[in-house]
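Commentary on secondary and tertiary structure
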Amino acid sequence: MAGLKDDPVLGINDMIETREETEIKDAVIDKVREEGGQGDREMAPMGNSIHRSGSRPQLDLSKAAIQGNSEERDPTILLPNQSDDISHLALDIGGSLIKLVYFSRHEDRTINDKRKKTVKERLGISNGNRRSYPILGGRLHFVKFETRKINECLDFISSKQLHRGGIDTHGWLSEAPANCSAVIKATGGGAYKFADLFKERLGVSLDKEDEMDCLVAGANFLLKAIRHEAFTHMEGHKEFVQIDHNDLFPYLLVNIGSGVSMIKVDGDGKFERVSGTNVGGGTYWGLGRLLTKCKSFDELLELSQRGDNRTIDMLVGDIYGGMDYSKIGLSASTIASSFGKAISEKKELEDYRPEDISLSLLRMISYNIGQISYLNALRFGLKRIFFGGFFIRGHAYTMDTISFAVHFWSKGDAQAMFLRHEGFLGALGAFMSYEKHGLDDLMVHQLVERFPMGAPYTGGKIHGPPLGDLNEKISWMEKFVLKGTEITAPVPMAPPGTTGLGGFEVPSSKGGTLRSDASALNVGVLHLVPTLEVFPLLADPKMYEPNTIDLSDHNELEYWFTVLSEHLPDLVDKAVASEGGTDDAKRRGDAFARVFSAHLARLMEEPAAYGKLGLANLLELREECLREFHFVDAYRSIKQRENEASLAVLPDLLMELDSMTEETRLLTLIEGVLAANIFDWGSRACVDLYHKGTIIEIYRMSRNKMQRPWRVDDFDVFKERMLGSADKKPHPHKRALLFVDNSGADIVLGMLPLARELIRRGTEVVLVANSLPALNDATAMELPDIVAEAAKHCDILRRAAEAGGLLVDAMINTLDGSKENTSSVPLMVVENGCGSPCIDLRQVSSELAAAAKDADLIILEGMGRALHTNFNARFKCDALKLAMVKNQRLAENLIKGNIYDCVCRYEPAS
Ligand SMILES: CC(C)(COP(=O)(O)O)[C@@H](O)C(=O)NCCC(=O)O
Ligand SMILES: [Mn+2]
């Protein structure tokens, strides 16, 4: 069994089956059987997967592994390749597009983490089992197809078995029994038109939902639940608008499909269709097709970007001899009459450029819709108008034109706003109409939007079936490389040609205000995480903005883009090495680099493409891309090596500290944290340094260079709070949350000694660490072992860790005293809920939120958590922000200093 402990992930498909492998397979099969799935040992093939048989659950056992202790009765089994287990689907079948929203729930992959159990008990958090939540964790996917290619859509549904989901009597999404005909919610005219086809091909009935009901339900959900959903778009400039949920209603919803509906929305389910116009997207497409011979809507739109409407529209200047009609506020360039020039010229259709016709038509229709919308808003005293529907398609020019009209006619009083998920309102509304899934109760902080490979496509251009597994994704990347196609963005999902829309090439025409599809907004996959909470110690959660650096500033974006691009080869090397340097790992590494570069390129073109962009988002995107290509922990061996080296010198450090006076010790401890923060594999400058000496040499060098005053130096105020002053006795903090950063010296020689000091002074310490790896950051899973090793050299840490239940495995012989002190737990480890070098405190784990309730001190450590994010955050309790600045530009911009300067910012409770 020793082999299992050494290598937690065992391949199940190897030619020669080891005893351990047989046991894993048996355990998997037993588990499936227990859970009511197809657990028939005799029938289960031993190959890659248990093959699909109709309604049965599909299990992919490849690379199955027992997590943690394989000798436990009911070990947790990780199925890394098991796809989403239960899905659910709703459709909006329009005249030109089918919009599809589907939900997938992941197999519960939570590991059997002892730390978690103890923490939950200590903090009084109820069982984290998903069934105790009113809503399910999972993902909401947005996909669209062309209606004329409905068979592609049916194939997609069938390949993903989406039509097999159902809702059981408890309101949980579950598998529909084989004998029961599944029902799918659908809206749009196609729900009637194609009902028979769905029955025939998939054996499902379409349950038709009213289109208006769906539009409104979809819009209300999005506006309440998604942080960066609504935005304004004026003269090419996009700005996200924070909608106050308590001040959302009433508003005017204008849905521009083939025709246009204008709906006054007063609340959930409370609305009235107050107007509409028959001049809409269908008009543009229909007339445009006749006049230009374009083959598709997008082609027509693309044409408009190269158009000049002055050749065909009659302008005020044409009537007034080139002059403005200033008396009534009309400039010479204002369109007096759309297509008006065509009446006075002896030209035939062929004499006009299709580009100009398309633009003229687009402006005519957009202005008209903008104007009618405003008049209706005026009619009902509505200030806000949200535009949705697939006519807009995130097209910059369309949005600018509509905004211009609303602004012009309202004299700036009313505002046109657009929605990132504009095309999915109906489908989302149909999805919401399934009863009891609890989605409508979701809060903003429980939704995390991610942009996996392919996600850029779902919101941008229409495309064929998205990719399935990892191998398929990599193959696509390779094909594109072979073809020499430059992938700038979005990341390809289907071969060029299959979309019939010209696919993925870089938009060819950009310039002036006529921006191309580059401005199309993308939607990602919405992860629903019911366990996420807002960090309760934020002084003002509504005003909280995690990012210090706003990347909507193009210079900043360009700089960080370069930094991340240059770091990429080294990161790929580390990632590939972490997976044994195999050919498979190399392929994945290459694909990862291409996908991440494509995202970067996309964001360079359109920084707001994925919502408001800050540096933290970019850094997290990089980690997400690594995970997407199954790089679970790129810095694993580096972290291990640095932990070992640091643990070896810890006893000397502790002895040195113990020989000091209280005051010198506190200063040395803070100095130690700052000095050890130099071990950061995300910083180019630091990585260069590491070639120049051993870990301990660099640590010593860094400590020797510590000179006060630091660039930001509130140490004296902090010291007074900790040690008191001549006339003020100190009173220890009750509980401190230490947001730790890097592995190795950073945690072992920096944060742990500081934690020890706090414990010694009677403060409970909670070490807060990442849930998932990011660069060389220590994770919550790794900390108990590190603490256990450190505790071997230190009684204070040992006793505290025992009492906190951290040493259950590591120090069996000293467990006796551990149960005495359950009300006060001197040392705990909790996970923070994220897998990024930064932290957005609006979305943290429930255990961190629970641990925060009694905390009166928080210590944020490292550049990611204390500078890139949270530098300006204010807290209800005392806060200490500690970091070494390992980037010259950041040092200059943030603290007017230099690289390797330090920040010790102390802010008493506000
Ligand atoms: C990713 C990081 C925020 C991690 O820093 P840490 O939180 O570990 O102190 C930091 O390494 C970083 O900003 N790196 C990019 C900048 C550079 O290479 O200079
Ligand atoms: Mn870090």
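Residues numbered from 1 in each chain as written. Chains lettered and ligands numbered in written order. Predicted model: local features only at pLDDT ≥ 70, side-chain atom pairs only at ≥ 80, totals over all residues. Heavy atoms only, no water.

The next point concerns the overall build of the protein. The helix and strand inventory of the protein stands at 30 helices and 27 strands. The proportion of buried residues among the 910 residues of the protein is 57%. Look at the contacts in the protein between residues 6 or more apart in sequence, and 72% of them connect residues 24 or more apart. As displayed, the protein offers around 37,700 Å² of accessible surface, 51% of which is attributable to carbon and sulfur atoms. (Helix = DSSP H or I, 4+ residues; strand = E, 2+ residues; numbered from the N terminus. Buried < 20%, exposed > 50% of the residue type's maximum accessible area, 1.4 Å probe, protein only. Contact = heavy atoms within 4.5 Å. Areas by Shrake-Rupley, 256 points an atom, 1.4 Å probe, with all protein chains shown as cover.)

Moving on, we come to the coordination of the manganese ion (ligand 2). Protein coordination of the manganese ion (ligand 2) is provided by D741 (OD), N742 (OD1) and D777 (OD), with donor distances spanning 2.0 to 2.1 Å. Donor residues for the manganese ion (ligand 2), ordered by position in the chain, follow D-N-x34-D. Here the residue N742 occupies a position in the loop between β22 (735–739) and α25 (745–760), and D777 occupies one in the loop between β23 (764–769) and α26 (783–791), the gap between them amounting to 35 residues. Judged by relative accessible area, which is 2%, N742 ranks as buried. (Donors = N, O, S within 2.8 Å, 3.2 Å for Na, K, Ca; no water.)

One open sheet accounts for 7 strands, arranged β11-β10-β18-β17-β12-β13-β14; its pairing is mixed. The outermost strands of the open sheet, each flanked by one partner alone, are β11 (237–240) and β14 (270–277). On average, each strand axis in the sheet is inclined to that of its neighbour by 30°, with strand direction left out of account. Against the sheet, helix α13 (residues 396–410) contacts β10 (230–234), β12 (251–256), β17 (384–388) and β18 (415–419), and its axis sits at roughly 85° relative to β10. (Pairing = 2+ DSSP bridges. Axes fitted to C-alpha atoms, helices over the stretch in contact; angles between N-to-C directions.)

Attention now goes to the site of ligand 1. Lining the immediate environment of ligand 1, one finds 16 residues, of which D680, G864, H868, K886 and N887 sit closest. One of the backbone nitrogen or oxygen atoms of M863 is found 2.8 Å away from an oxygen atom of ligand 1. At 2.7 Å from an oxygen atom of ligand 1 is found a side-chain nitrogen or oxygen belonging to N887. About the coverage of ligand 1: the protein hides 97% of its 480 Å² of free accessible area. Contributions of two or more residues to the shell around ligand 1 are made by α17 (554–578) and α29 (863–868). In terms of residue count, the dominant contributor to the shell around ligand 1 is α29 (3 residues). Looking at the shell around ligand 1 residue by residue, the class counts come to 4 nonpolar, 8 polar and 4 charged. (Near = heavy atom within 4 Å. Polar contact = N/O pair within 3.5 Å; in protein donor to acceptor, adjacent residues only side chain to side chain. Nonpolar A, V, L, I, M, F, W, Y, C, P; charged D, E, K, R; others polar.)

The next thing to look at is the domain arrangement of the protein. Per the domain assignment, the segments of the protein are domain 1 (2–78), domain 2 (86–215 + 429–465 + 487–528), domain 3 (230–308 + 353–419), domain 4 (313–351) and domain 5 (641–907). Domain 3 puts 10 residues into the contact, and the matching count from domain 4 is 8 residues. Between domain 3 and domain 4 the total buried area reaches about 670 Å² when both faces are included, carbon and sulfur atoms providing 71% of it. It is L291, S360 and M364 in domain 3 that bury the most area against domain 4; as a group they hold 48% of the surface buried on that side. Across the domain 3-domain 4 interface, the total number found is 0 salt bridges. On the surface where domain 3 and domain 4 come into contact, there are 1 residue pair in polar contact (both at pLDDT 80 or more). Broken down by element, the residue count for the side of domain 3 that touches domain 4 peaks at 6 residues, all from helix α12 (residues 354–380). (Domains from an automatic or database assignment. Buried area = accessible area lost by both parts, 1.4 Å probe. Salt bridge = Lys/Arg side-chain N within 4 Å of Asp/Glu carboxyl O.)

Counting 145 residues, the largest nonpolar core has F535, L737 and L767 as the members making the most contacts within it. No other element matches α25, which puts 10 residues into this core. With 63 residues, the next largest nonpolar core counts I93, L206, L223 and L447 among its residues. (Core = buried A, V, L, I, M, F, W, Y, C linked by side-chain atoms within 4.5 Å.)

Further remarks concern the packing of helix α21 (residues 662–676) against helix α24 (residues 715–723). At a closest axis distance of 11 Å, the pairing of α21 and α24 adopts a crossing angle of 130°. Taken together, α21 and α24 sit at an angle that is classed as oblique. Pair α21 / α24 crosses with right-handed handedness. On α24, the residues touching E662, E663, L666, L667 and I670 of α21 are F715, F718, K719, M722 and L723. (Parallel < 35°, antiparallel > 145°, perpendicular 65-115°, else oblique. Left-handed = near helix turned anticlockwise from the far one by under 90°.)

Let us look at the sheet that holds strand β21 (residues 712–713). Strands sit in the order β21-β27-β26-β25-β22-β23-β24 across an open sheet of 7 strands; the sheet is mixed. Unpaired on one side and paired on the other, β21 and β24 (827–831) mark the two borders of the sheet. As defined by bridge partners, strand β26 (residues 878–884) adjoins strand β27 (residues 902–907) across 6 bridges and the pair is classed as antiparallel. Along β27, the bridge assignment pairs A883 with V903. Sheet strands in contact with α25 are β22, β23, β24, β25 (857–861) and β26, and its direction is about 170° off that of β25.

Bringing a nonpolar patch on the surface into the picture now. Taken together, the side chains of I319, Y320 and M323 present a nonpolar region at the surface, about 310 Å² in accessible area. Structurally, M323 can be placed in the loop between α10 (316–319) and β16 (335–337). (Patch = residues over 30% accessible without salt bridge, like charges linked within 9 Å, V, L, I, M, F, W, Y side chains within 5 Å.)

Because the α-helix completes a turn every 3.6 residues, residues three or four places apart line up on one side. End to end, helix α20 (residues 636–658) covers 32 Å across 23 residues, agreeing with the expected 33 Å (1.5 Å per residue, within 8%). Every buried residue of α20 is accounted for by I638, K639, E642, N643, S646, L647, V649, L650, L653, L654 and L657. (Expected span 1.5 Å × (residues − 1).)

Looking now at the environment of K208. Position of K208 relative to the elements: it lies in strand β9 (residues 205–208). Separated by 332 residues in sequence, K208 and D540 have C-alpha atoms that sit 44 Å apart. In this view, K208 contacts A186, A191, Y192 and A195; residues no more than four positions away in its chain are not counted. Within the structure, the side chain of K208 is placed 3.4 Å from the backbone oxygen of L206, a separation counted as a polar contact.

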